[in-house]
Structures are given as structure tokens and as C-alpha cells.
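Descriptive structure summary
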Amino acid sequence: MRILLDTNVLISAFVFGGTAGRLLEKLFDGDFDLLISDYVDKEFCAEIKISLKRT
């Protein structure tokens, strides 16, 4: 199964864990293909840098 996640879900998973983090863990542990568009990839990279600077 192929799964596409929104940037906000990815940021939440990496920064806070919680439900989004558990979802990401299940995706990596299961038989899933995580799809990332170029737009989401660029947005994620920019936003994660901002989020990590705050912590």
C-alpha cells in the first residue's frame, strides 16, 4: 500500500512523536511505501530546520 503524508504530519512525528510518530513507525515496520512529493520534501526540510532551532 502506498501512503502520502502531509508536511504537518511529518513535522509532528519527528518533533513531538505522539500519534503521528506512532503512525510513522507503523509505516516503516509494515509493508507500506511512503510517498513524498518534491513539494512536501522541500517544505519539510525548511520547516524542520525552523522547528529544531526552537528546541
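First, a word on scope: everything that follows refers to the structure included in this document.

**Looking at the overall build of the protein**
A count of helices and strands for the protein gives 3 helices and 2 strands. Going from N to C terminus, the protein has its helices and strands arranged as β-α-α-β-α. Expressed as lengths along the three principal axes of its C-alpha atoms, the size of the protein is roughly 35 × 25 × 10 Å. Within the protein, residue pairs in contact and separated by at least 24 positions form 67% of the contacts whose partners lie at least 6 positions apart. As displayed, the protein offers around 4400 Å² of accessible surface, 56% of which is attributable to carbon and sulfur atoms. Put simply, the protein has 7 plus and 9 minus side-chain charges, and the middle of one group is 6 Å from the middle of the other.

**With respect to the nonpolar core**
Among the nonpolar cores identified, the biggest contains 11 residues, and these are I3, L5, L10, I11, A13, A20, L24, L27, V40, F44 and I48. Where this core is concerned, the elements lending two or more residues are α1 (7–15), α2 (18–29) and α3 (38–54). Setting aside chain neighbours within four positions, we find L24 in contact with L5, L10, A13, F14 and L34.

**Considering the packing of α1 against α2**
Here α1 crosses α2 at 95 degrees, and the two axes come no closer than 7 Å. Judged on the interaxial angle alone, α2 and α1 are roughly perpendicular. Side by side, α1 and α2 meet where V9, L10, S12, A13 and F14 of the first sit next to A20, G21, L23 and L24 of the second. Looking at the contact of α1 with α2, its residues break down into 7 nonpolar, 2 polar and no charged.

Cut-offs and rules
Residues numbered from 1 in each chain as written. Predicted model: local features only at pLDDT ≥ 70, side-chain atom pairs only at ≥ 80, totals over all residues. Heavy atoms only, no water. Helix = DSSP H or I, 4+ residues; strand = E, 2+ residues; numbered from the N terminus. Contact = heavy atoms within 4.5 Å. Areas by Shrake-Rupley, 256 points an atom, 1.4 Å probe, with all protein chains shown as cover. Lys, Arg positive; Asp, Glu negative; His and termini not counted. Charge placed at Lys NZ, Arg CZ, Asp CG, Glu CD. Core = buried A, V, L, I, M, F, W, Y, C linked by side-chain atoms within 4.5 Å. Buried < 20%, exposed > 50% of the residue type's maximum accessible area, 1.4 Å probe, protein only. Axes fitted to C-alpha atoms, helices over the stretch in contact; angles between N-to-C directions. Parallel < 35°, antiparallel > 145°, perpendicular 65-115°, else oblique. Nonpolar A, V, L, I, M, F, W, Y, C, P; charged D, E, K, R; others polar.

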